[in-house]
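Tertiary structure, described
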Amino acid sequence: MNLKILLVEDDEIEKLKFERALKKLEANHSVVKAANGEEALTICKDVLPNLILLDLNMPKMNGLEFLDILRADENLKFVPTVVFSTSNNHQDMINAYKVGIAGYVVKPLHYSDYVNQIEKIIDYWSINELVSL
C-alpha cells in the first residue's frame, strides 16, 4: 500500500534525511511536509494522511499541542501518529501516549539506523488496516 505520509518537522536537514531514506528504500509513498503543528493542521484539512510522523520540538505549535487538537477533531482523531523525535525524555513519551499516539521512536544518530527505523515504521503502517471515515 502506498501511504500518504505527513512529516511534521521544522528541521530542514531532517526533512532531507527523511527524503533520502525513502529514496534509498525505494519507497513510493507520497510525502507532504509541514514545518510546525499549525501548518500540519491546515494540510490535514486538504489531504487526509494515512500516517503522521511528528517531531515534538517545533516553533509556533509543538507536537503535543498539535496532538491535542488532532485528537479532538472528528475527522482526524484516528490518523495514526508516530512521534519521531530526538527527545528521549520519559515525560514527553508519557504525555504523547496519554494523547493517543500510535508509537514513539527516538531518532537514531547513525544514518543506517535511521533508514532502518524508517523502513520498519513504513513497512508496519503499509500492511496495517487503517481506519477510513
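So, here's what we can say about the structure. (Residues numbered from 1 in each chain as written. Predicted model: local features only at pLDDT ≥ 70, side-chain atom pairs only at ≥ 80, totals over all residues. Heavy atoms only, no water.)

A short note on the overall build of the protein chain
For clarity, the threshold we go by: In DSSP terms, a helix is any run of H or I states spanning at least four residues, a strand is any run of E spanning at least two, and both are numbered starting from the N terminus. Atoms counted for the radius of gyration: C-alpha only. Globule rule: 2.2 Å times residue count to the power 0.38. For each residue, the accessible area found with a 1.4 Å probe, counting protein chains only, is set against the maximum for its type, and the residue is called buried under 20%, exposed over 50%, and partly exposed in between. Note on definitions: a residue-residue contact is assigned when non-hydrogen atoms from the two residues lie within 4.5 Å. Each accessible area is a Shrake-Rupley estimate made with a 1.4 Å probe; only the visible protein chains count as cover when residues are assessed. As used throughout, the charge tally considers Lys and Arg to be positive and Asp and Glu to be negative, leaving His and the chain termini uncounted. A charge is said to be at NZ when it belongs to Lys, at CZ for Arg, at CG for Asp and at CD for Glu.
The number of helices and strands found in the protein chain is 5 helices and 5 strands. For the protein chain, the N- to C-terminal ordering of α and β elements is β-α-β-α-β-α-β-α-β-α. Relative to the 2.2 N^0.38 estimate, which gives 14 Å for 133 residues, the radius of gyration of the protein chain is 14 Å and therefore close to what a compact globule would have. Across the 133 residues that make up the protein chain, the buried fraction comes to 44%. At a minimum sequence separation of 6, the contacts of the protein chain that also span at least 24 residues come to 66%. Split by element, the accessible area of the protein chain, about 7300 Å² in all, is 50% carbon and sulfur. In the protein chain, 14 positive and 20 negative side-chain charges are present, and the distance between their average locations comes to 2 Å.

Here we look at the side chain of D55
Convention followed: Pairing of N or O atoms within 3.5 Å defines a polar contact, subject to two protein rules: one partner must be a possible hydrogen donor and the other a possible acceptor, and residues neighboring in sequence count only if both atoms are side-chain atoms.
Within the fold, D55 resides in the loop between β3 (51–54) and α3 (63–72). Here S85 takes part through its side chain, which lies 3.4 Å from a polar atom of the side chain of D55. For D55, the residues in contact, after removing those within four places along its chain, are V8, E9, D10, G63, F84, S85, T86 and K107.

Observations concerning α3
Stated formally: By construction, the arc corresponds to the directions joining the helix axis to the C-beta atoms.
For α3, the set of buried residues is G63, F66, L67, L70 and R71. For α3, the angular spread of buried residues about the axis comes to 125°, placing them on one side. On the buried face of α3, the contacting elements are α2 (37–46), β3, β4 (81–85) and α4 (90–99). For α3, the capping residue at the N-terminal end is N62, with a side-chain oxygen 3.0 Å from the backbone nitrogen of L64.

Side note on the nonpolar core
Our working rule: Nonpolar cores were defined as sets of buried Ala, Val, Leu, Ile, Met, Phe, Trp, Tyr and Cys residues, with membership established by side-chain atoms within 4.5 Å.
Counting residues in hydrophobic clusters, the biggest one holds 21 residues, and the most contacted among them are L6, V8, I52, L54, F66, L67 and V83. Elements with a contribution of two residues or more to this core: β1 (4–8), α2, β3 and α3. Here the element with the most residues in this core is α2; it accounts for 4 residues. If we skip the residues at most four places from it in the chain, L54 touches V8, G63, F66, L67, T81, V82, V83 and F84. Core analysis: the next-biggest nonpolar cluster, separate from the first, contains 17 residues, L3, L7, A21 and I122 among them.

Points about the sheet that holds β3
Put simply, the test is: Two strands qualify as a pair provided that DSSP identifies no fewer than 2 bridges between them. As a rule, the C-alpha atoms of each element are fitted with a line to give its axis, helices using only the stretch in contact, and angles between N-to-C directions run from 0 to 180 degrees.
Overall, parallel pairing links the 5 strands, which are arranged β2-β1-β3-β4-β5 in an open sheet. Each edge of the sheet is formed by a strand with only one pairing partner; in this case those strands are β2 (30–34) and β5 (103–106). Pairwise comparison of adjacent strand axes, ignoring direction, gives a mean angle of 20° for this sheet. In terms of strand pairing, β1 meets β2 through 5 bridges, oriented parallel. Bridging across to β2, L6 finds its partner in V32.

Focus on unusual backbone geometry
We note that E26 has phi near 55°; this positive angle belongs to a residue other than glycine. Along the chain, E26 falls in the loop between α1 (12–24) and β2.

The values are spatial; any link to function lies outside them.
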